[in-house]
Amino acid sequence: MQMSEYRNILTVIVFTFLFLLQDASLFSQDTLKDPGNIRLIQDNKVDLLVSKHIQINQNLKGIDGFRIQIFFDSGNNSKTRAKSIYESFLAKYPNIGVYLTFRTPNYKVRVGDFRTKLDAQRFLNEIIADYPNAWIIDDQINLPKVEF
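Attention in this report is confined to the structure presented alongside it. (Residues numbered from 1 in each chain as written. Predicted model: local features only at pLDDT ≥ 70, side-chain atom pairs only at ≥ 80, totals over all residues. Heavy atoms only, no water.)

### What to know about the nonpolar core
Soluble globular proteins tend to pack their nonpolar side chains together in the buried interior.
Part 1 of the reasoning: Counting residues in hydrophobic clusters, the biggest one holds 19 residues, and the most contacted among them are Ile-68, Ile-70, Phe-89, Val-111, Phe-123 and Ile-127.
Part 2 of the reasoning: Residue assignment for this core shows that the elements contributing at least two residues are strand 1 (63–74), helix 3 (78–92), strand 3 (106–114) and helix 4 (117–127). (Core = buried A, V, L, I, M, F, W, Y, C linked by side-chain atoms within 4.5 Å. Buried < 20%, exposed > 50% of the residue type's maximum accessible area, 1.4 Å probe, protein only. Helix = DSSP H or I, 4+ residues; strand = E, 2+ residues; numbered from the N terminus.)

Structure (structure tokens):
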């Protein structure tokens, strides 16, 4: 390249830099006029989206997690057996949640509110002698209680 080509390229770079520097002031805040305050300019749809997100989270009954199903049966006397299993488990493990559900035609007794499968497996290992047909299932669990 010749010297004149370098000058032309250098001139273009300098003018581009000065042009960008001038436009950068359009996006910056003038801290001399309003020190310590930030003005946020955003689309109104952002506020709508945030409020919908909050509303959806407030309506959630639980979160994804794991429970251990210790009873599953249908037919004659299944309700009585399910209540008996429910009550005996509750008496033995009062600090673990117990849930009796009925979906035609089955009664189910599920226990625990485990966030991870590993936590559920640890508890299953504790109760497997009393409930040999128990297994881990994916379920909606109750939100953990927060104490202040």
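There is more to say after this.
### Observations regarding helix 4
Part 1 of the reasoning: Of all the residues in helix 4, the buried ones are Ala-120, Phe-123, Leu-124 and Ile-127. With its buried residues spanning 105° around the axis, helix 4 presents them on a single face. Residues Leu-118, Asn-125 and Glu-126 are exposed on helix 4 and point more than 90 degrees away from its buried face.
Part 2 of the reasoning: Those residues of helix 4 hidden inside the fold are in contact with strand 1, helix 3, strand 3 and strand 4 (135–141). (Arc of directions from axis to C-beta. Contact = heavy atoms within 4.5 Å.)

### Overview of the packing of aromatic side chains
Part 1 of the reasoning: Summed over all chains, the structure comprises six aromatic pairs.
Part 2 of the reasoning: Ring geometry for Phe-89 versus Phe-123: centroids 6.2 Å apart, planes at 80°, classification edge-to-face. With Phe-89 in helix 3 and Phe-123 in helix 4, this pair connects stretches of sequence that are 34 residues apart. For the pair Phe-89 and Phe-123, a shared accessibility class is recorded, and that class is buried.
Part 3 of the reasoning: Among the aromatic residues, ring-to-ring pairing joins Phe-89, Tyr-93, Phe-114, Phe-123 and Tyr-131 into one connected group.
Part 4 of the reasoning: One cation-aromatic arrangement involves Arg-67 over Tyr-99; the distance from NZ or CZ to the ring centre is 3.7 Å. (Phe/Tyr/Trp six-rings, centres within 6.5 Å; stacked < 30°, edge-to-face > 60°. Lys NZ or Arg CZ within 6 Å of the ring centre and 35° of its normal.)

### Here's the deal with the sheet that holds strand 1
Part 1 of the reasoning: One open sheet accounts for four strands, arranged 2-3-1-4; its pairing is antiparallel. Every interior strand has two partners, whereas the edge strands, strand 2 (98–103) and strand 4, have only one. Between one strand and the next, the sheet's axes are offset by a mean angle of 40°, whatever the strand orientation.
Part 2 of the reasoning: As defined by bridge partners, strand 1 adjoins strand 4 across seven bridges and the pair is classed as antiparallel. (Pairing = 2+ DSSP bridges. Axes fitted to C-alpha atoms, helices over the stretch in contact; angles between N-to-C directions.)

### Observations regarding the side chain of Asn-106
Part 1 of the reasoning: Along the chain, Asn-106 falls in strand 3.
Part 2 of the reasoning: Apart from residues no more than four positions distant in its own chain, Asn-106 is found in contact with Phe-72, Asp-73, Ser-74 and Thr-101.

### A word on the pairing of strand 1
Part 1 of the reasoning: Pairing between strand 1 and strand 3: seven bridges, direction antiparallel. Its bridge partner lying in strand 3, Asp-73 is registered against Tyr-107.

### Things to note about a nonpolar patch on the surface
Part 1 of the reasoning: Judged by side-chain polarity, Val-46, Val-50 and Ile-54 come together as a nonpolar surface patch covering roughly 230 Å² of accessible area.
Part 2 of the reasoning: Relative to the assigned elements, Val-46 resides in helix 2 (residues 44–59). (Patch = residues over 30% accessible without salt bridge, like charges linked within 9 Å, V, L, I, M, F, W, Y side chains within 5 Å. Areas by Shrake-Rupley, 256 points an atom, 1.4 Å probe, with all protein chains shown as cover. Salt bridge = Lys/Arg side-chain N within 4 Å of Asp/Glu carboxyl O.)

### Overview of the pattern of salt bridges
Part 1 of the reasoning: Scanning the model with the defined rule gives six salt bridges in all.
Part 2 of the reasoning: With its nearest N and O atoms 1.9 Å apart, the salt bridge here joins Arg-81 to Asp-73.
Part 3 of the reasoning: Overall, Arg-81 belongs to the partly exposed group, its relative accessible area being 35%.
Part 4 of the reasoning: Across the pair Asp-119 and Arg-122 runs a salt bridge, and its minimum N-O distance is 3.0 Å. Remark: Arg-122 and Asp-119 occur in helix 4; sequence separation between them is three residues, near one turn of the helix.

### A few points about the pairing of strand 3
Note on strand geometry: in a regular strand, side chains alternate between the two faces of the sheet.
Part 1 of the reasoning: For strand 3, a buried count of eight out of nine residues is recorded, marking the element as mostly surrounded by other parts of the structure.
Part 2 of the reasoning: As paired elements, strand 2 and strand 3 share six bridges and run antiparallel to each other. Of the residues in strand 3, the one forming a bridge with Leu-100 is Val-109.
Part 3 of the reasoning: From the end of strand 2 to the start of strand 3, which pair antiparallel, there are two residues.

All quantities given are derived from atomic positions and should not be read as evidence of function.
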